Amino acid sequence: MKSIQRSETFLYQPVPPKPDAVRIGLAYPYTYSVSMSSLGYLSLFRQLDEQPEIAVKRINTDNMHQESINHMELIGFSFSFELDILEIIRMLKHYDLPLKAIDRAAHHPFIFAGGPVVMTNPEPYADFFDFFLIGEGEEVLDALVQAFKQVRAFKDRREQLIALARQVPGLYVPSLYDVEYHPETHEICGFYPQVEGLPFPIEKQWLTSLDETIASTPILTEDTIFSNTFLVEVMRGCAHRCRFCLASYSMLPARGPSLPKIIERIEYGLQYTSKIGLLGALIADHPEFDALCDFIQSKEGIRVSAASLRADTLTPHIAKTFHHGGQQSVTLAIETGSERLRKRINKHLRTEAIHQATSVIFKAGIPNLKLYSMVGLPDETWSDLEDTVSLLKNLKRENPQLKIHLGCSTFVPKAATPFQWMGREDSKLLQQKQEFLRKSLVKTCDFRPTSPKWDMIQALFSRGDRRLSSFIIEFANQGANLGALNRTLKELKAAKGSLAIPSLDWYALRKRHQAEMLPWDILFLGVPKEILYKESGLATSQLPSMGAAS
């Protein structure tokens, strides 16, 4: 296959590796252009590439045909979305690596993963990885490399993994823990470490300060979604704690770099490009965001883009800043047009604030408004959907020249959130709700729904356990499309005489009870389970223990 040449500008100085450097492949399970748009992935690559003890290479689906993994000792995957596992399996197959960790021999590299998905529930993918890094990569990667240098000469692969699990905080080796299941309810009975000295539960590692490791673009290229854009992380996590939201709980505490550090990085980026992207779950929550806006407005010719904003923090000053920076749209996550339902999900956003924010955007001269919403939220009624229709129509009536886009996903319960216990509606009903919105808003906005069936697969993985590995492999073998679902189930049943796993609805749709032990209970991300349950709005009862170390 012909080699693809890319034009890249390095904004740092790579350090040549020593002869005995640890050889690492940092893999991203998408194309080059998508990987080069991931600030987290690139920041970790830079962190490794500046150390002489490490020889690191980038791997993506475009260059894996030309990037050899010969002599690599560690291959780490960035795992951001549940369905990434399907592309990861394809990449492992391409390199002739055994899909399951148990089948790898001493000459194979260790395969590990980090990122928001495996940091909250790694269990559906446990069989595929030698270990996971639970927490923020900046905090965990260096400790991994130093520990690996001490065990790389061990002859026994299992002994290497045991030593790493004992030495590196936040490193989880699933093969070193047994899981017991109830034969009738299929629920988990307990987790049991196989040897002494293993962490239990595995605790998330996180940075107390972002000033010294402020994430910003290390490599500029035109061949990316954000062409020649210098990205800067302004905030990490979110303090508003919406009950469905992963960022609100897995990334706590919410924090950001100091204003001088942010300005310093933007000034540096402006030496190379006029395009600046501000990243964060909620950038306007930065305590000095108004001052940052003043700085941006003082720069002539700057082009600024930003992630989603919150309607009740969007001021004329902020809107003016983005208009000054040439932004053509503003994104607001409203979740639902029903104020009652927003309160239920702990999104304390008044309808009046949405109207005011929309007016601010229109008056600032920004031509497009993008809204994010969901259907199928807990306790949703058809009246709530009618409220969404009314809200959109009123926004359009009040701002007729504003182009409104409504993205509509279906509710997927996520691990490590207060709604991790909630059920999910079936795909047919969710599709009916989306169709109701589409027909009702046909002359009001550009309506863009997600697929309820694909969201169901996401829900299957998001609260699944390690028994799903056979399903994941067969689903990938069958083409990993919606038509492959029935073929996958048929093949599994034919091979074993039964599915050997609970039904897919048991994983994806079922409401969990409070006393149930959940697959991700083997981790501790900082918020006690009792607090999550209290914030879910459900009744309280006795929680179980999680098993005991052997």
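Heads up: the structure comes first, above all this text.
What comes next concerns the included structure. (Residues numbered from 1 in each chain as written. Predicted model: local features only at pLDDT ≥ 70, side-chain atom pairs only at ≥ 80, totals over all residues. Heavy atoms only, no water.)

1. Side note on the overall build of the protein
Next, step 1: Looking only at helices and strands, the protein features 19 helices and 19 strands.
Next, step 2: Referenced to the eigenvectors of the C-alpha coordinate spread, the extents of the protein come out at roughly 70 × 55 × 45 Å.
Next, step 3: Across the 550 residues of the protein, 56% fall into the buried class.
Next, step 4: The contacts in the protein between residues at least 6 apart in sequence include a share of 75% that link residues at least 24 apart. (Helix = DSSP H or I, 4+ residues; strand = E, 2+ residues; numbered from the N terminus. Buried < 20%, exposed > 50% of the residue type's maximum accessible area, 1.4 Å probe, protein only. Contact = heavy atoms within 4.5 Å.)

2. So, the packing of helix α3 (residues 84–94) against helix α16 (residues 469–477)
To describe two helices that pack against each other, one gives the angle between their axes and the distance between the axes.
Next, step 1: One can describe the packing of α3 onto α16 by two numbers: an axis separation of 10 Å at closest approach and a directional angle of 75°. Our classification of the angle between α3 and α16 gives roughly perpendicular. Contacts between α3 and α16 involve Ile85, Leu86, Ile89 and Lys93 from the former and Ile472, Ile473, Phe475, Ala476 and Asn477 from the latter.
Next, step 2: For the contact of α3 with α16, the per-class residue count stands at 7 nonpolar, 1 polar and 1 charged. (Axes fitted to C-alpha atoms, helices over the stretch in contact; angles between N-to-C directions. Parallel < 35°, antiparallel > 145°, perpendicular 65-115°, else oblique. Nonpolar A, V, L, I, M, F, W, Y, C, P; charged D, E, K, R; others polar.)

3. Examining the nonpolar core
Next, step 1: Counting residues in hydrophobic clusters, the biggest one holds 97 residues, and the most contacted among them are Phe77, Ile85, Tyr125, Phe129, Phe131 and Phe471.
Next, step 2: Not counting the four nearest positions on each side in its chain, Phe129 is found in contact with Phe77, Phe79, Ile85, Ile88, Ala101, Arg104, Ile111, Phe112, Ala113 and Pro174.
Next, step 3: Ile283, Leu402, Cys408 and Leu441 belong to the second-largest nonpolar core, a separate cluster that totals 55 residues. (Core = buried A, V, L, I, M, F, W, Y, C linked by side-chain atoms within 4.5 Å.)

4. Quick notes on the sheet that holds strand β7 (residues 171–172)
Next, step 1: Here 6 strands make up an open sheet; going across it, the order is β3-β2-β4-β5-β6-β7 and the pairing mixed. This sheet does not close on itself; its edge strands, each paired only once, are β3 (54–59) and β7.
Next, step 2: Bridge count for strand β6 (residues 131–133) against β7 is 2 bridges, and the pairing is antiparallel. Pairing of Phe132 across the sheet is with Tyr172, part of β7. (Pairing = 2+ DSSP bridges.)

5. Quick word on the sheet that holds strand β17 (residues 403–410)
Next, step 1: With respect to topology, 4 strands assemble into an open sheet ordered β15-β16-β17-β18, the strand pairing being parallel. In this open sheet, the two edge strands, each paired with only one partner strand, are β15 (329–335) and β18 (446–449). Averaged over all adjacent pairs, the angle separating strand axes in this sheet is 20°, with direction ignored.
Next, step 2: Relative to β17, strand β16 (residues 368–375) runs parallel, the two being bridged by 8 bridges. Each residue of the ladder has a partner; that of Asn368, found in β17, is Lys403.
Next, step 3: Lying over the sheet, helix α14 (residues 427–440) contacts β16, β17 and β18, oriented at roughly 170° with respect to β17.

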